[in-house]
Amino acid sequence: MIRKIPVFIFAILVSSLSNAQILKGRITTESGDPAQYATVYIQELKQGTTANTKGDYEIKLPAGKYLVVYQSLGYSPVFTEISLSDQTVVRNVVLPVQYYEIPEVRISATGEDPAILIMRKAIGLAPYYQNNVSYYKADVYLKGSLLINRIPRILRKAMKIEASGESGQVSQTIREGDSFFMESFNEIEFTAPDKYFQKVISIKSTFPDQGDGISPMDFIKASFYQPVIANIAISPLSPQAFSHYNFKYLGASLQGNNVINKIEVKPKRKSQQLFDGTIYIIEDLWCLHSVDLTNENIAGKIRVLQLYIPVQDGIWMPVSHKFDINIGIIGFRADVQYGSSVKYTDLKPNLSLKKPEPAGAFVKQVAATDTIVSRNQEEIEEILKKDNISNRDMIRLSRLMDKESERALPDSSRKSLQVKETTTRTIEKDAAKKDSAYWSGIRPIPLTELEKKSITLFDSVQTITSLQKSKSDTLISGAEKKKSGFPDFLENIGTGHSWTGKNGISFSFGGLIDLEKFSFNTVDGFVAGTDFRLTKTWKNSNSFTLYPEIRWAFSREKLMWRINSNLSFDRMKNRQIFLRSGITSNDISTGGSINSFLNTVTTLFFRLNYLKLYETRYLTFGYRGEIANGLNLELHTGIEDRVILDNTTSFSIFKPSRDYTDNIPDNEYLPPGGDPINNLQGHRHAEIVTNVTFTPRQKYSIYMGNKSPKGSDWPTFSVTWKYGLNYFASSPDNYRHYNMLGFQVYKQHDIGAFSEFRWRIRTEGFIGRRDITFFDFFHFNSQPVILLFDDYHDAFMLPAYYSLSTPEFFAEAHIKYTTPYFLLKLLPGLSNTLMRENLSISWFGRRHKGHYTEIGYSISEFLLLGEIGIYAGFDNLKYNSVGAKIVLRFN
């Protein structure tokens, strides 16, 4: 009996839908053109729908009398009273053009465009309108389509997709002129400040994978009240908007009881990170009425249209979204359209956030007994009283509203450091199995003929595929059974493969042809190898990993190997026990040196053997884990046999007159004939290292019992203590030991739209040092070669490899400021790129050797994968050198 209840309820719902009255028709302009995606809104029900590209609309309503509002961007709204009984009502509507006039009161005596004052108030109050709702529930219908206009000839044979249908996987070749379609009906629930719950009630799609990657949450969560929209472009309501946009007042229009201001938005420079178009601001409320903005980026042109409706007194919410996307990249051309209709079924204002009023007081949304007005609120009120607010007032207003919005959050949200998943998505079991009758009854936006054609074609392909699958299931090919797996075996041996078995066991093999393990240097000659990885994961997320690696040095005729093992447990504390051992050649510097592939190229082609190596035979045992939130400890101890190596080969592809340099770093502490200890004498080494890092108020997330750090507003502090003991068999004084203390602090700040500021300060020194070997020197990341293949942070770009290494007490500092617009990006032609500009300063000082300063300017995201820059170095503030740098980021 209980199982029949859902069926009974569903029958009632279907019955109520079938008894609903239908209001439909076509919305056109005075010129007879369809008013695409015009909005139809029922005032009494707070419900609406959207017309399709033909201007057709259809909505099901209970019987009764309603005031229906028809509106579209650029046109005057039409208010119509309609009475629905038991018959379908057809109402065609013509929208007149909306004329905007510039009233005399808007003409400024100072000559300043009226749009400036309007935008200052709108920008200042944007944080309020972003946070003035504490809860809402809405029904969201999303519809999207894709039309393939052009496919480059070179890609035509490869354009195949796999789409999931009721009959299984449907394989389809994409051709020019093909169209795809998807629609979904969703329930969205929002709880402030950022928690969303999405239930997919139904979905129909001819896109690959049933359109699972297309979610209305991308549209719902994006807001022009945010400084940056979907990490793509800077909003015209951003606090930095006046640095990027020019605003022009185009007039005002009276719509009902509201005066709507039309503002033209023009970028100060052509840029992929800016919008162009028109926004509409409501007088006195200074909130959005509608948006018509376009962004042009590397993938094409995106036009965004939004319309806002007062769903409650003073609360305007978007009820209609339209996205027109013209894709144009590497010869591929396609048109994409998304439209959505939002019906708010429940909404609660943020009662803790006071609504600012320019008339002189805050409107109280709380009980009359609450008479406390904060100091921030009083200052907001004073700013809004001004006839003309300045840019400084605008920035101050925006910051005050941010503070008030944060103060209005529940104590649990403000005090908690846990970053919880903000979006939860569930899909009804039969969401993809709804028939055409269901969609006809629930679809608020009628389908176009092209969309109907796409669905019909896809359904026919599904039917054919189902028949083919049925035949193949009854007659399995014997040839398929006998098909040899030998080619796959050879491929797995050559290029590697990963296997996942039962009981949480996985194994991966790097392959015999692993280019990442191939290199050349003057000590080992050619080097080739492979690696393995064996992982066992338990149900409580604890895991054990064994990672062996073997390589062969052809010139030294030496087998090199290393094994790393790691036991991870107590994932809420991220605790690990690790054991490492091996015999291999290793870079003498521990602070960063030349990329192995780059050294291979410079050595073979230019006989520049930058990399200096020694042989290490080591065993290391350690532990790391969290003591308290943000406080982490790492302890490890190890022994090592350090063996000096010489060059064993003089081979190169090209042989210029220069000889290879000896396998000795170029450093002032290693002069010919110097101290044999500092001259890299072989010895045995033992060490104990303790490192403590602390990030105050470290935010974190928890997923499946695993805790992950999520940043902090505070910098990270790190303290390191190291005890080292060296044994020299041939020296009268066999044992030499040292203590080292180090401290560093670092932070990366996001300081605006696409802008960031990062810095690091580090200082270290030996206590009671006695003849420190070069292996134990303080080493630094120097990258003097003009071409680099890694993205190096906190590096010196001009000094030679190993040249900065020192046994002295030292301090270093690195500062880097990144912004989308500073110097070259202001020039025509460059402004319309995604490149960002960087200013950097690096400083290095030693107790007895003076100091070195390096300043640099670079452009990152150059051609989307690199960075180019120029750097100048100064010894004791006196000019030393200058050099260019090209960084290709493949990692």
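For the structure itself, consult the block above.
As the structure is a computational prediction, the values presented were derived from the model and not from experiment. (Residues numbered from 1 in each chain as written. Predicted model: local features only at pLDDT ≥ 70, side-chain atom pairs only at ≥ 80, totals over all residues. Heavy atoms only, no water.)

**Things to note about the overall build of the protein**
When its secondary structure is counted, the protein shows twelve helices and 44 strands. Residue burial in the protein is summarised as follows: out of 891 residues, 46% are buried. A separation of at least 24 residues holds for 60% of the contacts in the protein among residues at least 6 apart in sequence. Total accessible area computed for the protein in this model is approximately 45600 Å², and 57% of it derives from carbon and sulfur atoms. (Helix = DSSP H or I, 4+ residues; strand = E, 2+ residues; numbered from the N terminus. Buried < 20%, exposed > 50% of the residue type's maximum accessible area, 1.4 Å probe, protein only. Contact = heavy atoms within 4.5 Å. Areas by Shrake-Rupley, 256 points an atom, 1.4 Å probe, with all protein chains shown as cover.)

**Observations concerning the pattern of salt bridges**
Within this structure, the stated rule accounts for 28 salt bridges. One salt bridge in this structure joins Glu549 and Arg562, with 3.4 Å as the shortest N-O distance. Separated by 13 residues along the polypeptide, Glu549 in strand S28 (residues 543–553) and Arg562 in strand S29 (residues 558–569) bring together distant segments of the chain. Between Glu634 and Arg624 there is a salt bridge; the shortest N-O distance is 3.5 Å. With Glu634 in strand S32 (residues 631–644) and Arg624 in strand S31 (residues 613–628), this residue pair connects regions lying ten residues apart in the sequence. The exposure class of Glu634 is partly exposed, given its relative accessible area of 22%. Ionic contacts of the salt-bridge type, sharing partners, join the residues Asp524, Arg556, Glu615, Arg617 and Asp641 into one network. (Salt bridge = Lys/Arg side-chain N within 4 Å of Asp/Glu carboxyl O.)

**What about unusual backbone geometry?**
Across residues other than glycine, the phi torsion is negative in most instances, and most of the peptide bonds are trans. Note that the residue after Ala192, namely Pro193, is joined by a cis bond; omega there is 10°. Tracing the backbone through its elements, the reader meets Pro193 in the loop between strand S12 (179–191) and strand S13 (195–205). Non-glycine residue Arg697 carries a positive phi angle of around 50°. Mapped onto the elements of the fold, Arg697 is located in the loop between strand S33 (683–694) and strand S34 (700–703).

**With respect to the sheet that holds strand S17 (residues 258–267)**
Here we have eleven strands laid out as an open sheet, ordered S16-S17-S18-S19-S20-S21-S22-S9-S12-S13-S23, and mixed in their pairing. What marks the edges here is a single partner per strand, and that holds for strand S16 (245–255) and strand S23 (423–427). Taking the axes of each pair of neighbouring strands and ignoring which way they run, one obtains an average angle of 20° across the sheet. With 16 bridges connecting them, strand S9 (residues 133–150) and strand S22 (residues 332–349) associate as antiparallel partners. (Pairing = 2+ DSSP bridges. Axes fitted to C-alpha atoms, helices over the stretch in contact; angles between N-to-C directions.)

**A short note on helix H12 (residues 596–606)**
Turning to H12, its buried residues are Leu598, Asn599, Thr600, Thr602, Thr603 and Leu604. Looking at the packing, one finds that the buried side of H12 touches strand S26 (519–521), strand S27 (525–537) and strand S39 (787–788). Its side-chain oxygen 2.8 Å from the backbone nitrogen of Phe597, Asn595 forms the N-cap of H12. At the exit of H12 stands Arg607, carrying a positive phi of roughly 55°. (Polar contact = N/O pair within 3.5 Å; in protein donor to acceptor, adjacent residues only side chain to side chain.)

**Examining the packing of helix H2 (residues 114–131) against helix H6 (residues 391–407)**
The contact between H2 and H6 brings their axes to 7 Å, and the two run at 5°. The angle between H2 and H6 falls in the class roughly parallel. In this structure, H2 uses Arg120, Lys121, Ile123, Gly124, Leu125, Pro127, Tyr128 and Asn131 to contact H6, whose residues at the interface are Asn391, Met394, Leu397, Ser398, Met401, Asp402 and Ser405. Here the residues of the contact of H2 with H6 sort into seven nonpolar, five polar and three charged. (Parallel < 35°, antiparallel > 145°, perpendicular 65-115°, else oblique. Nonpolar A, V, L, I, M, F, W, Y, C, P; charged D, E, K, R; others polar.)

**Quick word on helix H5 (residues 375–385)**
Within the span of H5, buried status applies to Gln377, Ile380, Glu381, Ile383 and Leu384. An end-on view of H5 places all buried positions within 160° of arc, on one side of the element. In this structure, the buried side of H5 is in contact with H2 and H6. (Arc of directions from axis to C-beta.)

**Focus: the nonpolar core**
Counting residues in hydrophobic clusters, the biggest one holds 71 residues, and the most contacted among them are Met119, Phe247, Ile263, Ile279, Ile281 and Leu288. Top element by residues in this core is H2. It accounts for eleven residues. Apart from the residues lying within four places of it in its own chain, the contact partners of Ile263 are Ala115, Ile118, Met119, Phe247, Lys248, Tyr249, Gly277, Thr278, Ile279 and Ile281. Counting residues in hydrophobic clusters, the runner-up holds 36 residues, among them Leu611, Met740, Tyr801 and Phe810. (Core = buried A, V, L, I, M, F, W, Y, C linked by side-chain atoms within 4.5 Å.)

**Brief notes about the pairing of S17**
The side chains of a regular strand alternate, residue by residue, between the two faces of the sheet. The pairing of S16 with S17 spans ten bridges and is classified as antiparallel. Note that in S17 the partner of Gly251 across the bridge is Lys262. Linking S16 to S17, which pair antiparallel, is a turn of two residues; within it Gly256 sits at a positive phi near 65°. Here six bridges tie S17 to strand S18 (residues 276–282), and the two strands are oriented antiparallel to one another. What sits directly across from Glu264, in S18, is Thr278.

**Regarding the sheet that holds strand S2 (residues 39–42)**
Overall, antiparallel pairing links the four strands, which are arranged S3-S2-S5-S6 in an open sheet. Unpaired on one side and paired on the other, strand S3 (47–50) and strand S6 (78–84) mark the two borders of the sheet. Averaged over neighbouring strand pairs, the angle between their axes works out to 25° when direction is ignored. The pairing of S2 with strand S5 (residues 64–71) spans four bridges and is antiparallel. Within the sheet, the bridge partner assigned to Ile42 lies in S5 and is Val68.

**Focus: the side chain of Ser235**
The topology assignment puts Ser235 in the loop between strand S15 (233–234) and helix H4 (241–244). Looking at Ser235, its side chain comes within polar contact range of the main-chain oxygen of Gln226, at 3.5 Å.

**As for the packing of aromatic side chains**
Counting across every chain of the model gives 34 aromatic pairs. Cluster of aromatic residues (ring-pair linked, three or more members): Tyr738, Phe766, Phe778, Phe780, Phe796, Phe810, Phe844 and Tyr852. Here the guanidinium or amino end of Arg120 rests over the ring plane of Phe242, the centre of that ring lying 5.9 Å away. One residue, Arg607, lies across the ring of Tyr660, its end atom 4.1 Å from the ring centre. (Phe/Tyr/Trp six-rings, centres within 6.5 Å; stacked < 30°, edge-to-face > 60°. Lys NZ or Arg CZ within 6 Å of the ring centre and 35° of its normal.)

**Digging into a nonpolar patch on the surface**
A surface patch of nonpolar side chains, amounting to about 690 Å² of accessible area, comprises Trp538, Phe544, Leu567, Ile577, Leu579, Leu619, Phe621 and Ile639. Its place among the elements puts Ile639 in strand S32. Its relative accessible area of 52% is what places Ile639 among the exposed residues. (Patch = residues over 30% accessible without salt bridge, like charges linked within 9 Å, V, L, I, M, F, W, Y side chains within 5 Å.)

**Topic: the environment of Asp313**
Within the secondary structure, Asp313 is located in the loop between strand S20 (300–312) and strand S21 (315–329). Classification of Asp313 as exposed rests on a relative accessible area of 79%. The sequence separation of Asp313 and Pro349 amounts to 36 residues, and the corresponding C-alpha distance is 9.8 Å.

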